[in-house]
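A structural walkthrough
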Amino acid sequence: MLLTFQQAKEKVLQTAAAHTQRQHETVPLEHAVDRITAAPIISPINVPGFDNSAMDGYAVRLADLAKSTTLPVAQAIFAGDNISQLVWPQGSCLRIMTGAPVPSDADSVVMQEETEKTAAGITFLQEVKPGQNIRRIGEDVKKDTVTIPAGQKLSIPTLSTLAALGIAQVSLFKRLKVALFSTGNELTPLGQPLAHNGAIYDSNRFTLKLLLQKLHCEIIDLGIIPDDPAQIKQALATASSQADLIITSGGVSVGDADYTKMALQELGQINFWKIAMKPGKPFAFGQLGHALFCGLPGNPVSTLVTFYQLVQPLILRLSGCQGKENPALTFQVKSATNLKKSVGRLDFQRGKLQTNAQGELEVTTTGKQGSHITQSFSHANCFIVLEQERGSVKQGEWVTVELFNSLLMD
Ligand code: AMP
Ligand code: MG
């Protein structure tokens, strides 16, 4: 029985919820980008911390302006000035700079461009509205409120807010420990010559390491393991004693040397799934001791697609992220090309979303879609998600595209 892609994803996420990282660590703000908060962050101060000027101009009292539209300048206030001792005579205005504190009895700030300098002082040329050009205390962030909830991924704009609050360190969930190995007698590490015609480079472990680095995992690289049940079992035992999550590539299909799933069945609890998705039909998921396990298919495109669609949301959830685990940006667009598809599986074809000569978004296939054709992936910026029961698509038909997130694009 094939599971639908959605069923498989739900099972993965349900399991993840019970295994979420619980350990915290305190991390300096500059190392917190893309990490996940372990506790709510409460604002220790207001931002802005005081009423201040949004413009270079003049602070005024409306009562003074009602008597005369020309006022002498009593004093200048600059950003950073302490105005606790300020004396501001009636019937005058204050020269004020952007970011400078606005005295509590000022009603408005008038921008310089709406005034004229005359011998008698500053003439105000336009109607002045109460409160204009004054940034109010706490308008951005209010003191003692939850600014960031627990379980949120920290983006650079969010960290910028925390820096404005003077927060120098944050409590984060610890990085997830992920053990990784490739299986296959044919595999050769990068940097070594290929020994004979049947040998290939171990590109998957390289790719998976890059993906895991980008997701801020701590990587335990166990290298290449030959297609030998004893060595695979040994590697799995080592991995499960050290890691929160084990990821392998290869050996989960139905070939005679596909020992990974057999080793798993002996050592732990394993769900071996055939998922109605393309690429990536075979996918093993389960548990070994305290560690969760994902066995990815060996074909490089299948590895990358299953990692993106299933392992990425799993890792985010395990890392403590409570937001939407994979905020996929999807669009309905017309396909600029015919797309080959057979009924029965959900296809994640690789495509290029772009604007056509009429200024409309459309998607084009990036070419051959075999699970060994890595080049059609490298030219893509989106998945063309073709429904399980859909057949081939004709040029001009509407399709759903899912834009790659930052894991695949920068
Ligand atoms: P498997 O899933 O082990 O049956 O492998 C499926 C296909 O992927 C075969 O053509 C393998 O040679 C290839 N393959 C397996 N592991 C890797 C790897 N680490 N890097 C690149 N290709 C691989
Ligand atoms: Mg293999």
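Above this note sits the structure.
Throughout what follows, the structure given in this document is the object of discussion. (Residues numbered from 1 in each chain as written. Chains lettered and ligands numbered in written order. Predicted model: local features only at pLDDT ≥ 70, side-chain atom pairs only at ≥ 80, totals over all residues. Heavy atoms only, no water.)

1. Thoughts on the nonpolar core
What tends to happen in soluble globular proteins is that the nonpolar side chains get buried as a cluster. Among the nonpolar cores identified, the biggest contains 46 residues, and L245, I247, F283, F307, L314 and I315 are the most heavily contacted of them. With eleven residues, the top contributor of residues to this core is helix α7 (residues 300-318). Ignoring sequence-local partners within four residues, the contact set of I247 consists of V178, A179, L180, F181, L208, L212, C294, L296, F307, V311 and I315. Judged by nonpolar contacts, the second largest core, of 18 residues, contains L236, A243, V252 and A291. (Core = buried A, V, L, I, M, F, W, Y, C linked by side-chain atoms within 4.5 Å. Buried < 20%, exposed > 50% of the residue type's maximum accessible area, 1.4 Å probe, protein only. Helix = DSSP H or I, 4+ residues; strand = E, 2+ residues; numbered from the N terminus. Contact = heavy atoms within 4.5 Å.)

2. A closer look at a nonpolar patch on the surface
Taken together, the side chains of L190, L194, Y201, F206 and L210 present a nonpolar region at the surface, about 460 Å² in accessible area. Looking at the element boundaries, L194 is found in the loop between β15 (187-188) and β16 (200-201). (Patch = residues over 30% accessible without salt bridge, like charges linked within 9 Å, V, L, I, M, F, W, Y side chains within 5 Å. Areas by Shrake-Rupley, 256 points an atom, 1.4 Å probe, with all protein chains shown as cover. Salt bridge = Lys/Arg side-chain N within 4 Å of Asp/Glu carboxyl O.)

3. Some thoughts on α7
At 3.6 residues per turn, the α-helix brings residues three or four places apart onto the same side. The largest bend in α7 comes to about 40°, at F307. In terms of residue burial, α7 counts as a mostly covered element, since 17 of its 19 residues are buried. Positioned one or two residues after α7, G320 has a phi angle of 105°, which is positive. (Bend = angle between axes of the 7 residues up to and from the residue.)

4. Digging into the site of ligand 1
What surrounds ligand 1 is a group of 16 residues, the closest being E186, D202, G251, G298 and N299. S203 is positioned such that a nitrogen or oxygen atom in its backbone is 3.3 Å from a nitrogen atom of ligand 1. The contact in question runs from a nitrogen atom of ligand 1 to an N or O atom on the side chain of S249, over 3.5 Å. In isolation ligand 1 offers 480 Å² of accessible surface; the protein chains occlude 76% of this area. Mapped onto the shell around ligand 1, the elements with two or more residues apiece are β16 and α4 (203-214). Looking at side-chain class alone, the shell around ligand 1 contains five nonpolar, eight polar and three charged residues. (Near = heavy atom within 4 Å. Polar contact = N/O pair within 3.5 Å; in protein donor to acceptor, adjacent residues only side chain to side chain. Nonpolar A, V, L, I, M, F, W, Y, C, P; charged D, E, K, R; others polar.)

5. Some remarks on the side chain of T115
Along the chain, T115 falls in strand β9 (residues 115-118). A polar side-chain atom of T115 sits 2.7 Å from the main-chain carbonyl oxygen of Q112. The contact partners of T115, leaving out residues within four places of it in the chain, are Y58, V110, I122, T123, F124 and L125.

Such coordinate-based values are descriptive only and should not be taken to indicate function.
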